[in-house]
Amino acid sequence: MTQETKKTATQRGWILIFLCWLIAMAALFGSLFMSEVMGLKPCLLCWYQRIFIYPLAILFLVAMFSLDRSVIRYTLPLAIIGWGFAVYHHLLYVGFIPESLQPCGEDLSCAEINLELMGFITIPMLSIFSYSVIIILLLVFRRGFIHEEK
Amino acid sequence: MKKNKKNTIVVFTGVMFVILFAIAATVYNDKKNSDINNSFLEKSEHLQRDYSPRKGPRHAKVTIVEFFDPACGTCSAFHPFVKQLMKDNRGKVNLVMRYLPLHSGSDVVVSILEAARLQNRFWQTLERAYKRRDAWIVNHTAKPEMFWRQLGGLGLDLERLKIDMQSPDIAKRIQQDLADAKELQVRKTPGFFVNGKPLINFGDKQLKKLVESEVKENYP
């Protein structure tokens, strides 16, 4: 491989991680906006999804300087677990999982829908979207970047 | 891409996130404030009920309405502050207490307070409840039977209290307060209103500011 293509590959990889970071940051600030400004109290499942997205905002930032090729090793597990919680939460919203099975105690119901953007976009959907895009970008990063290394 | 350029992009993006957040928060709060102020004019009857406990001169032109929960730590911490505010503006401010028992078991403690009120011991009992929080609140759950043991020395007739606290009137008042809180969108305690204006950004300084601006307006 020539020096020039290697450089482009690194650049492409950097942009992918930068995009991942953008999404994680949007999720971080977006969720803080909803809880701290709009006053929507996060339920238990929301907290689990937060737990897995917040560190990503920092990990991606660190991995960008200078580009860490093994970033996928420690960010993909977080993204996949977070994605799992998001999907579970969505299934709870649509009623696929009965409310009695949900893990939330107290008075704060995870099944209660308290925000719908444009009439149908719920918070778990935003969460699934963010996690999915991060996972896809990381997979693209692995295919396009790490394989070219060989 | 040069390293410098990347630095610039990342720092710029990070700063943009913070700025956007701040702008969105300001815009959102402004909109909420104006929405709330408009809607509250129509909801004034939910703010005060004749039966509510009250402190301070009736003719005072500034009224603080506080939605509180005896088991709420912040309410307890705010109580001395509210008393100080009334002292600092003596004769100009009165206080109306509304019940919003959000903790489990807390509604029973409220009925103890109401029954104590029949014996003119409401404030003393409330102070006692706040002072001995640790003795009757376990894991954010109010234990009325444990609170009962803290009632000594207040001059209460406990036998009568036991009968009075079962009164359906008291239950009705609690229900009415809860319904009013819902109507006024008070979801946390303490929830303050000063002359009908809600304390939107919670904090002691903010409350002080709101009270002082109302005092200034009504006692020029």
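Predicted model, so just to flag it, every value in this text is computed and none were measured.

A few words on the confidence of the model for chain B. The predicted model of chain B has a mean per-residue pLDDT of 89, with 96% of residues at 70 or higher. Among the prediction metrics, the complex's ipTM stands at 0.77, with pTM recorded as 0.59.

Residue and element names in this part refer to chain B. Core analysis: the biggest nonpolar cluster contains 44 residues, and Ile64, Val93, Val109, Ile112, Val194 and Val211 have the highest contact counts within it. At the level of secondary structure, the elements contributing two or more residues to this core comprise β2 (62-68), α2 (73-88), β3 (93-99), α3 (106-118), α4 (122-131), α8 (168-183), β6 (191-194) and α9 (204-218). Broken down by element, this core gets its largest block of residues, six residues, from α3. Here isoleucine 64 is in contact with Val82, Val93, Leu95, Phe192, Val194 and Val211, once residues within four sequence places are set aside.

Before going further, it helps to examine unusual backbone geometry. All names here are of chain B. Note that the residue after threonine 189, namely proline 190, is joined by a cis bond; omega there is -10 degrees. Locating proline 190 in the fold gives a position in the loop between α8 and β6. Positive phi, close to 60 degrees, is recorded for asparagine 120, a residue that is not glycine. Its place among the elements puts asparagine 120 in the loop between α3 and α4. A positive phi is found at histidine 140, a non-glycine position, where the angle reads about 65 degrees. By the element assignment, histidine 140 lies in the loop between β4 (137-138) and β5 (141-142).

Once that is clear, we can look at α2(B). Residues and elements named next belong to chain B. Compared with the 22 Å implied by 1.5 Å per residue over 16 residues, the 24 Å span of α2 between its first and last C-alpha is a close match. Along α2, the sharpest kink reaches roughly 30 degrees, centred on histidine 79 and followed within four residues by the proline proline 80. Turning to α2, the residues buried within the fold contact β2, β3, α4, α5 (133-136) and α9.

Calculation criteria
Residues numbered from 1 in each chain as written. Chains lettered and ligands numbered in written order. Predicted model: local features only at pLDDT ≥ 70, side-chain atom pairs only at ≥ 80, totals over all residues. pLDDT = per-residue confidence, 0-100. Core = buried A, V, L, I, M, F, W, Y, C linked by C-beta atoms within 7 Å. Buried ≥ 20, exposed ≤ 12 C-beta atoms within 10 Å, placed from the backbone. Helix = DSSP H or I, 4+ residues; strand = E, 2+ residues; numbered from the N terminus. Contact = placed C-beta atoms within 7 Å. Expected span 1.5 Å × (residues − 1). Bend = angle between axes of the 7 residues up to and from the residue.

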